[in-house]
Amino acid sequence: MLILILIFAVLGIVYLTGGTKYVYINLMYIPLILAVFNFGYLGGLFFGTIAGYLTSFIPLSVATMEMQSTENWIYRLLFFVIVSTVNGSIIDIILKTLKDVEKLTFYNRITNIANRKCFDTFFTEKKHLHGKYLALFEIENFNQILNEYGNFILEDFIKILSLNLKKASQDGVELFHFRDNAFGLLMDHHSPYSFEKKIEILEQNISIGNILIYPELSVGVAKFIDTQERLLQNAEIARAYARKNLFSYYYFNDNINKLHNKKLSILNELPAAIENNQFQLYFHPKIEFKTGLINCAEVLIRWVHPVEGTISPNLFMPYMEKTNLINTFTNWLIKSSLEIQEGWERDGFHMKLALNTPVACLKNKSVTNTIKNYDRSLNGLEFEILERNLIEDFEEIYLVMECLKKYGITFALDDFGTSFSAISYLRNLPFDKLKIDKMFIKNMNTDQRDYNIVKSSIDLGRSMGLKVIAEGVENVDTLNILKELNCDAAQGYFFTKPLETKKFKEFCIKHNNSVKTSIK
């Protein structure tokens, strides 16, 4: 209606200003452009036709009342229609492009669910979030699915899981896809019973073709307090706590907030702890079955905090491995271990030391330079590599390991059996040893399945020319079984707990002398 009114208003102006032969007829493009913006090219076609036809009733010159020729007003009608239709088509394309850009900006490409950016801009005032709850879901086996089945299967898995999330969500729940492996449910209220039912639905197996995948989810729930950032942070803290303690989900509270803040405070002290030598080395011996002697030990770390006391590496190592600080720490660990080793050798005490080392550090120049700067053989040094630390660029890792082996360094694959890709690592990388994880050793004398896994691992290692070490030996029955299975070495609390430098040296000397005396 407004556009029609504008068209008639322009006709009035044209008539009052002398007729269609004057420039004021061009004012007709104003309502036509408005029509295009509101109705697209079809609106341009419709209103262009009406405007062109109505101008036929306006004289060419009002002063002489000379009317337009038929050709003149038809030409103008066609011109209005063509210009309006073309502009409408262009504007339609621009608007569609803008919508596509907006979709890419605010919605996830795979699931078509609002993303983190949309979450950040969704609310403009605190009152919109007042009393709401955020449930943060993270897919723990995301990388495993990607590595095992590839990107296409992973995308199908994410799509199906997102559909299940939509089905499990009731009215009044906003669903967000924060990042590839994380979703968020923004809820008006939180009922523990109904929420647990949702999780049960989401944890059901997902079938893709003939592949059955079990979603491993960790879930944290938090209530809005003051800011969106705080809401996300609290939900993440609760999620991490749920994952650590194997809960189906966890609700954020003051207790875990205090624990989290304390942990952050301690972790922030890590750089100063390295600089001030607050770390202490402990040694856990490995007993060779063939000789009964101790010729190698695993180097373990203890952080002796000036206020908190001894801090377990389980608290700070996972964090450190995700930062560049791990390179500084690895340099310190190598240097400290070699210094202790050199001191022992001057006293006539020789002991090979095995260090837990992330592969990423072995590709770091500062770490490799530390190794290369030693002007003696490093055949007393071994790097134990955790399966979870390995990455897919086997060729690059292979070259790094082969280069370091020239200095006398050996490599052991640690915690063997706990990762789905262990065989790939053994097949593609030049390991010298493998260590069977203690979770299989602990109950192998009473659990037939664990026994079979250990036996198969030992047979595999020996068939590949590798020495096999069992960790976590805690009783004589387990020790005897490992001997029968031709395992090469063992370590565990059955022999001794990890010992600090002086006590470890004394223990090894006493043990080895006892073995040599018994042989004589």
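What you see is a predicted model, and the numbers here were worked out from it, not measured in a lab.

Draft legend 1. Looking closely at the layout of surface pockets. Reported here for the second largest pocket is a volume of approximately 350 Å³. As for the second largest pocket, its lining consists of 16 residues, of which Glu288, Phe289, Lys467, Asp488 and Ala489 are closest to the centre. Where the lining of the second largest pocket is concerned, the elements lending two or more residues are β9 (279-288), β10 (294-305) and β16 (467-471). Tallied by class, residues from the lining of the second largest pocket come to five nonpolar, two polar and nine charged.

Draft legend 2. Representation of the packing of helix α5 (residues 142-149) against helix α6 (residues 151-168) within the structure. Interaxial distance between α5 and α6 falls to 7 Å at its minimum, and their mutual angle equals 140°. One finds that α5 runs oblique with respect to α6. In this structure, α5 uses Phe142, Ile145, Leu146 and Tyr149 to contact α6, whose residues at the interface are Asn151, Ile153, Leu154, Phe157 and Ile158. For the contact of α5 with α6, the class distribution of residues is eight nonpolar, one polar and no charged.

Draft legend 3. Local environment of the nonpolar core. Judged by nonpolar contacts, the single largest core of 74 residues is most densely connected at Phe279, Phe316, Phe383 and Leu482. Judged by nonpolar contacts, the second largest core, of 29 residues, contains Phe137, Ile139, Val173 and Ile208.

Draft legend 4. Examining the side chain of Asp450 more closely. Mapping Asp450 onto the fold places it in helix α18 (residues 448-463). No salt bridge is formed by the buried Asp450; the nearest opposite charge belongs to Arg449, separated by 6.0 Å. Dropping the residues within four chain positions of it, Asp450 is found in contact with Met439, Phe440, Asn443 and Met444.

Draft legend 5. Structural detail: the packing of helix α12 (residues 325-346) against helix α14 (residues 365-372). The N-to-C vectors of α12 and α14 enclose an angle of 10°; their axes lie 9 Å apart at closest approach. By the angle class used here, α12 and α14 are roughly parallel. Between α12 and α14 the crossing geometry is right-handed. Side by side, α12 and α14 meet where Asn327, Thr330, Asn331, Ile334 and Lys335 of the first sit next to Ser366, Val367, Thr370 and Ile371 of the second. Its residues assigned to classes, the contact of α12 with α14 comprises three nonpolar, five polar and one charged.

Draft legend 6. Structural detail: the side chain of Glu298. Checked against the element boundaries, Glu298 lands in strand β10. In terms of polar contacts, Glu298 uses its side chain to reach the side chain of Asn356, at 2.8 Å. With sequence-adjacent residues up to four places away left out, Glu298 is seen in contact with Tyr282, Phe283, His284, Lys286, Ala354, Asn356, Glu384, Lys435 and Gln491.

Draft legend 7. Spatial organisation of the packing of aromatic side chains. Counted according to the given criterion, the structure contains 15 aromatic pairs. Relative to Phe504, the ring of Trp344 has its centre 5.6 Å away and its plane inclined at 35°; by these criteria the two rings are tilted. Taken together, the residues Trp344 in helix α12 and Phe504 in helix α20 (residues 501-519) connect sequence positions 160 residues apart. Counting every residue linked through ring pairs, the aromatic cluster contains Phe279, Trp303, Phe329 and Trp332.

Draft legend 8. Structural view of helix α1 (residues 2-16). For α1, built from 15 residues, the straight-helix expectation of 21 Å at 1.5 Å per residue is met to within 8% by its first-to-last C-alpha distance of 21 Å. Of the residues making up α1, those classed as buried are Ile3, Ile7, Val10, Leu11 and Val14. Here the buried residues of α1 occupy an arc of 100° about the axis, which is enough to place them on one side. Turned more than 90 degrees away from the buried face of α1 sit Leu2, Phe8 and Leu16, all of them exposed. Of the residues trailing α1, Gly18 is marked for its positive phi of about 120°.

What counts and what doesn't
- Residues numbered from 1 in each chain as written.
- Predicted model: local features only at pLDDT ≥ 70, side-chain atom pairs only at ≥ 80, totals over all residues.
- Heavy atoms only, no water.
- 1 Å grid on protein atoms, 1.4 Å probe; cavity = no way out; pocket = protein on both sides within 12 Å on 5 of 7 lines; lining within 4 Å.
- Points joined across faces, edges and corners; volume = space filled by probe spheres on them.
- Helix = DSSP H or I, 4+ residues; strand = E, 2+ residues; numbered from the N terminus.
- Nonpolar A, V, L, I, M, F, W, Y, C, P; charged D, E, K, R; others polar.
- Axes fitted to C-alpha atoms, helices over the stretch in contact; angles between N-to-C directions.
- Parallel < 35°, antiparallel > 145°, perpendicular 65-115°, else oblique.
- Contact = heavy atoms within 4.5 Å.
- Core = buried A, V, L, I, M, F, W, Y, C linked by side-chain atoms within 4.5 Å.
- Buried < 20%, exposed > 50% of the residue type's maximum accessible area, 1.4 Å probe, protein only.
- Lys, Arg positive; Asp, Glu negative; His and termini not counted.
- Salt bridge = Lys/Arg side-chain N within 4 Å of Asp/Glu carboxyl O.
- Left-handed = near helix turned anticlockwise from the far one by under 90°.
- Polar contact = N/O pair within 3.5 Å; in protein donor to acceptor, adjacent residues only side chain to side chain.
- Phe/Tyr/Trp six-rings, centres within 6.5 Å; stacked < 30°, edge-to-face > 60°.
- Expected span 1.5 Å × (residues − 1).
- Arc of directions from axis to C-beta.

By themselves these figures say nothing about function.
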